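Take a look at the letters that make up each chain.
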Amino acid sequence: AGEEACASGEPALLSGESVNPRVRDAEYAVRGPILLRALEMEADLAAGRGNYPFKQIVKCNIGNPQALGQRPITFSRQVLSLVLNPALLDDASVVAAFPSDAVARARRYLAAVGSAGAYSESQGVTLVREEVAAFIEDRDGVRASKDNIFLTAGASQAVQQLLTILIRSQDDAVLVPIPQYPLYSSLTTLLGGHMAGYLMGEANGWELDLPELRAALDRARAAGKSVRALVVINPGNPTGSTLSEESMLELIEFCEKEKLVLLADEVYQTNIYRGDRPFISFRRALHTAGILNEDGTMARPFQLASFHSVSKGVVGECGLRGGYGEYLGFPRGVRDQIYKLASIGLCSNVPGQLSVGLMVNPPQSGDPSFARYQSERSAVFDSLRRRANKLEAALNSVPGVKCNPIEGAMYAFPQIDLPAKFVAESKAAGEQPDQRYALRLLESTGLVAVPGSGFGQREGTYHVRTTFLPPEELMDEVLERFRDFHTAFVEEYAN
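Here is a short report on the structure shown in this document. (Residues numbered from 1 in each chain as written. Predicted model: local features only at pLDDT ≥ 70, side-chain atom pairs only at ≥ 80, totals over all residues. Heavy atoms only, no water.)

### Thoughts on the overall build of the chain
Secondary structure summary: the chain contains 18 helices and 14 strands in total. Taking 23 Å as the expected radius of gyration for a compact globule of 495 residues, we find that the chain reaches 24 Å, a close match to that expectation. Dimensions of the chain, computed from C-alpha atoms along their principal axes, come out at roughly 70 × 65 × 55 Å. Within the chain, contacts between residues at least 6 apart in sequence are counted, and of these 72% link residues at least 24 apart. For the chain, the accessible area works out to roughly 21,600 Å², and carbon and sulfur atoms hold 50% of it. (Helix = DSSP H or I, 4+ residues; strand = E, 2+ residues; numbered from the N terminus. Rg over C-alpha atoms; globule rule 2.2 N^0.38 Å. Contact = heavy atoms within 4.5 Å. Areas by Shrake-Rupley, 256 points an atom, 1.4 Å probe, with all protein chains shown as cover.)

### Considerations on the packing of helix 17 (residues 433–445) against helix 18 (residues 472–494)
Running from N to C, helix 17 and helix 18 point in directions that differ by 120°, and their axes come no closer than 10 Å. As far as their axial angle goes, helix 18 and helix 17 are oblique. Relative to helix 18, helix 17 is oriented so that their crossing is right-handed. Contact with helix 17, carried on its side by Arg436, Tyr437, Arg440, Leu441, Ser444 and Thr445, involves Arg481, Phe482, Phe485, His486, Phe489, Glu492 and Tyr493 of helix 18 and no other residues of that element. Its residues assigned to classes, the contact of helix 17 with helix 18 shows six nonpolar, three polar and four charged. (Axes fitted to C-alpha atoms, helices over the stretch in contact; angles between N-to-C directions. Parallel < 35°, antiparallel > 145°, perpendicular 65-115°, else oblique. Left-handed = near helix turned anticlockwise from the far one by under 90°. Nonpolar A, V, L, I, M, F, W, Y, C, P; charged D, E, K, R; others polar.)

### Concerning the side chain of Asn404
Topologically, Asn404 is positioned in the loop between strand 9 (401–402) and strand 10 (411–412). The exposure class of Asn404 is buried, given its relative accessible area of 13%. Among the polar contacts made by the side chain of Asn404, one reaches the main-chain carbonyl oxygen of Glu202 at a distance of 2.8 Å. Beyond its immediate stretch of four places on either side in the chain, Asn404 contacts Glu202, Gly205, Trp206 and Glu392. (Buried < 20%, exposed > 50% of the residue type's maximum accessible area, 1.4 Å probe, protein only. Polar contact = N/O pair within 3.5 Å; in protein donor to acceptor, adjacent residues only side chain to side chain.)

### Structural notes on the sheet that holds strand 13 (residues 450–451)
Read from one edge to the other, the open sheet built from three strands follows the order 10-14-13, with strand pairing classed as antiparallel. Every other strand in the sheet has two partners, leaving strand 10 and strand 13 as the edge strands with one partner each. Bridge analysis of strand 13 against strand 14 (residues 464–467) gives two bridges, and the strand direction is antiparallel. Across the sheet, residue Val450 finds its bridge partner in strand 14, namely Arg465. (Pairing = 2+ DSSP bridges.)

### Observations concerning the packing of aromatic side chains
This structure, assessed with the given rule, holds 14 aromatic pairs. Measuring from ring centre to ring centre gives 5.1 Å for Tyr437 and Phe489, while their planes differ by 80°; the resulting arrangement is edge-to-face. Of this pair, Tyr437 sits in helix 17 while Phe489 sits in helix 18, and the two are 52 residues apart along the sequence. Pairwise contacts between aromatic rings join Phe422, Tyr437, Phe485, Phe489 and Tyr493 into one cluster. Residue placement shows Arg465 over the ring face of Tyr411; its charged tip is 4.0 Å from the ring centre. (Phe/Tyr/Trp six-rings, centres within 6.5 Å; stacked < 30°, edge-to-face > 60°. Lys NZ or Arg CZ within 6 Å of the ring centre and 35° of its normal.)

### What to know about the pattern of salt bridges
Counted under the stated rule, the structure contains 29 salt bridges. A salt bridge links Arg214 to Glu258, with the shortest nitrogen-to-oxygen separation between them at 2.5 Å. Taken together, the residues Arg214 in helix 10 (residues 210–222) and Glu258 in helix 11 (residues 245–258) connect sequence positions 44 residues apart. Glu425 is the salt-bridge partner of Arg436, the closest N and O atoms lying 3.3 Å from each other. Within this pair, whereas Arg436 is found in helix 17, its partner Glu425 is found in helix 16 (residues 420–428), the two being separated by 11 residues in sequence. Relative accessible area serves as the criterion here: at 19%, Arg436 is assigned to the buried category. Connected through shared salt-bridge partners, Glu207, Arg274, Asp276, Arg277 and Glu407 make up one network. (Salt bridge = Lys/Arg side-chain N within 4 Å of Asp/Glu carboxyl O.)

### Brief notes about the side chain of Ser241
Summarising the element assignment, Ser241 is placed in the loop between strand 5 (226–233) and helix 11. Side-chain polar atoms of Ser241 contact the side chain of Thr239, separated by 2.7 Å. Residues in contact with Ser241, not counting those within four places in the same chain, are Gly205, Trp206, Asn234, Pro235, Gly236 and Glu407.

### Things to note about the pairing of strand 8 (residues 323–328)
Each regular strand displays side chains that alternate between the two surfaces of the sheet. Across the six residues of strand 8, six count as buried, placing the element largely inside the fold. The alternating pattern of strand 8 places Gly323, Gly325 and Tyr327 and Tyr324, Glu326 and Leu328 on opposite faces, both of which are buried. For strand 2 (residues 149–152) and strand 8, the ladder comprises four bridges, and the chain directions are antiparallel. Residue pairing for strand 8: Ile149 is matched across the bridge by Glu326.

### Considerations on the packing of helix 3 (residues 33–47) against helix 17
Contact geometry for helix 3 and helix 17: axes closest at 10 Å, N-to-C directions at 15°. As summarised for this structure, helix 3 and helix 17 are arranged roughly parallel, according to the angle between their axes. When you trace helix 3 past helix 17, the crossing you get is right-handed. Residue-level contacts link Pro33, Ile34, Arg37, Ala38 and Met41 of helix 3 to Gln435, Ala438, Leu439, Leu442 and Glu443 of helix 17. Of the residues that constitute the contact of helix 3 with helix 17, the class distribution is seven nonpolar, one polar and two charged.

### Some thoughts on unusual backbone geometry
Put simply, Asn234 and Pro235 share a cis peptide bond, and its omega is -5°. You can see Pro235 is positioned in the loop between strand 5 and helix 11. Of note, the amide linkage connecting Asn237 to Pro238 takes the cis form, showing an omega dihedral of 25°. Mapped onto the elements of the fold, Pro238 is located in the loop between strand 5 and helix 11. Phi at Arg321 is positive, roughly 55°, even though this residue is not glycine. For Arg321, the location among the structural elements is in the loop between strand 7 (304–309) and strand 8. Despite not being glycine, Leu346 shows a phi value in the positive range, around 70°.

### Quick word on helix 9 (residues 183–190)
The buried count for helix 9 comes to six of eight residues, which makes it a mostly enclosed element. All buried positions along helix 9 are accounted for by Leu183, Tyr184, Ser185, Ser186, Leu187 and Thr188. If you follow the buried residues of helix 9, they end up packed against helix 8 (154–166), strand 3 (172–178), strand 4 (194–199), strand 5 and strand 6 (261–265). Gly192, located one to two residues past helix 9, shows a positive phi value of around 80°.

Here it is as structure tokens:
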């Protein structure tokens, strides 16, 4: 067989040229070439090599809170410690050292899973799915069912499962907001589909631009594409914006009229910093629109998939890989296919599933751990809000930089007015101007940001995405590094 493969001109072993071209074409900017260069520089600094004008790389490229110093919630780690080391529960002195509600929760989870090292049901631990359903019902005031919930390895796996079912060929398209989180573009490429981007309204605080959405749909259909779904990210990644309820209802009306599945990425629902615009789930908006009844049944045909994760919020447990998808209005035949995809991977990791339960069902008033939980939660949230406000103000104080209000999530997506000469030089070299800018920023300051071209942006505009996750005591230095760099950069090209 090896000789036949060589004779036919096909290599017998994998090479960079013979891999699946869809994999080669898929791009994920958040961990792209800028980060790879940052890792090289970080290794140089650790080894005492190089002559860099800074002593530390600061990774502002990804929403990875604990990597930048955010502490985990104590109650969650106490419960997980006991579940992962069940023999501790046999030692009275150890049990006495833990709050009684943490011990009770650990025993409850162990009774449900047997061992955290055993496979769970492919759909996820029933007890945790019941906790998720109770959380959703309390949040929205509309009944939820554990049968519609699938526990996954972060929200990303849930998105991947549904897109795998939705995209049948290159003729299938998904409407995705621009700018977007590159999970959606990379998965659409990987699955062989077509991403139809619809521009959000930057001039209007990244609010929905309904004519742009309609134009994107019309373009895709004119190209012969079957548009099957619409993605919305709220709060926004990379924009840090939040949608008004009016825009949400317009999106629901649009999907109902055009018979599109609505994918609601709501992983930042806890990260809302505007007091006058609390989080409203698309599930709740569906009830307001008269489509979802209070008992959880559908008044009219509509399909909504909602996603949440333990990686964001105030929990920030990115490494535990816990998340879920809730599927409303999908017939049993579709849910069976989602179950099949989950079964192929047997189950998502059990500690991650339990972390979802701990996120949606934290200590309640009167519980021994409640005061500490509330204190830790408030400290994280208040710090994030202060950093968001500080970053927004600092960016807008730099000439040539404009940042819309940071209303939620963990990011800013400022527009950078790049000098025309720099843009021309970059294009002549075959480089994206904003990627070249981000590389210059990294090599001059040690700050890792992601070029806007990795998320999509209106033609002729340039952006970078940055988190506001560096510790508060480091934020002033980070902002000073950026301000000094950009000022010198502009002066260089002015001369």
